[in-house]
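The residues making up each chain are set out below.
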Amino acid sequence: MPLPRPAKPATARPARPGLVGSKSLVVSGLIALAAWAYFGGSAVAADKGVKLPAPTVDTPLVAAATPARTATAVFAGGCFWGVQAVFQHTQGVLEAVSGYAGGAAETARYETIGSGRTGHAEAVKITYDPSRISYGRLLQVYFSVAHDPTQLDRQGPDTGTQYRSAIFYQDAEQKRVAEAYIAQLDAAHAFPARIVTVLSPVGQGFFPAEAYHQDYATRNPHSPYIARFDLPKLAELQALMPELYRATPVLVAQGG
């Protein structure tokens, strides 16, 4: 009988700002990667994006002549470091903020949501220009390279409901487009298993994560965790959707 997959090692990612960029993070990242490999971690799942068709149901682009406006999307797909980085490198995105969705404001803290009992998912709020990129195209990036939508309550070495695949829709139109795209991808057998992404209303809101989580992949490219699980996503975005890839990320620290 194969050994069970372990819960995410407590040392895999820092629980407080003091560990960020330290030797402790390097060591703990190596420990996490070793545990991931020992318990049967899949290199393919961690590295490879999937070339997907564009959505057949989508919101139309807003005319460029329309007065300046923005739209938002909230996606969850495992550790928010990598998801944030992917969308920070996506054309048309104005800002991507790591945070928490699906639970209450009073428990929206990293140390608390790690229990998996608060209802939150690590998520990213994407503010974008709807004259340059549509909601459907953001979904295409999300399903193609940002995460593996067939993994239930986990992504790579991270396990728990806080790492679930989830779309927090803003309105009925976003829900309609997301439902249609999931059905389209499942019907096309785009993945080897069915998509398990959960659709939920944004509900109680989105709560930005602590400052030390923002722009994490950009600030820590040599972290073993980032190098193993997140930088390959950026390479896949550039390879699979070069028309959407931007080399210079739009960072939270830049204020959009």
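Just above, that's the structure.
What counts and how
- Residues numbered from 1 in each chain as written.
- Predicted model: local features only at pLDDT ≥ 70, side-chain atom pairs only at ≥ 80, totals over all residues.
- Heavy atoms only, no water.
- Salt bridge = Lys/Arg side-chain N within 4 Å of Asp/Glu carboxyl O.
- Helix = DSSP H or I, 4+ residues; strand = E, 2+ residues; numbered from the N terminus.
- Buried < 20%, exposed > 50% of the residue type's maximum accessible area, 1.4 Å probe, protein only.

**Quick word on the pattern of salt bridges**
All chains considered together, the criterion is met by four salt bridges. With its nearest N and O atoms 2.8 Å apart, the salt bridge here joins Arg-176 to Glu-173. Of this pair, Arg-176 and Glu-173 are both found in helix H6 (residues 172-187), three residues apart, which corresponds to roughly one turn of the helix. Residue classification places Arg-176 among the partly exposed positions, given a relative accessible area of 40%. Residue class for Glu-173 comes out partly exposed when judged on its relative accessible area of 30%. Here Arg-194 ties to Asp-186 by a salt bridge, and the two come within 3.4 Å at their closest N and O atoms.

**A short note on the environment of Tyr-110**
For Tyr-110, the position within the fold is in helix H4 (residues 110-113). Given a relative accessible area of 9%, Tyr-110 falls into the buried group. Here the alpha-carbon distance between Tyr-110 and Tyr-100, two residues ten residues apart in the chain, equals 8.5 Å.

Geometry only, nothing functional implied.
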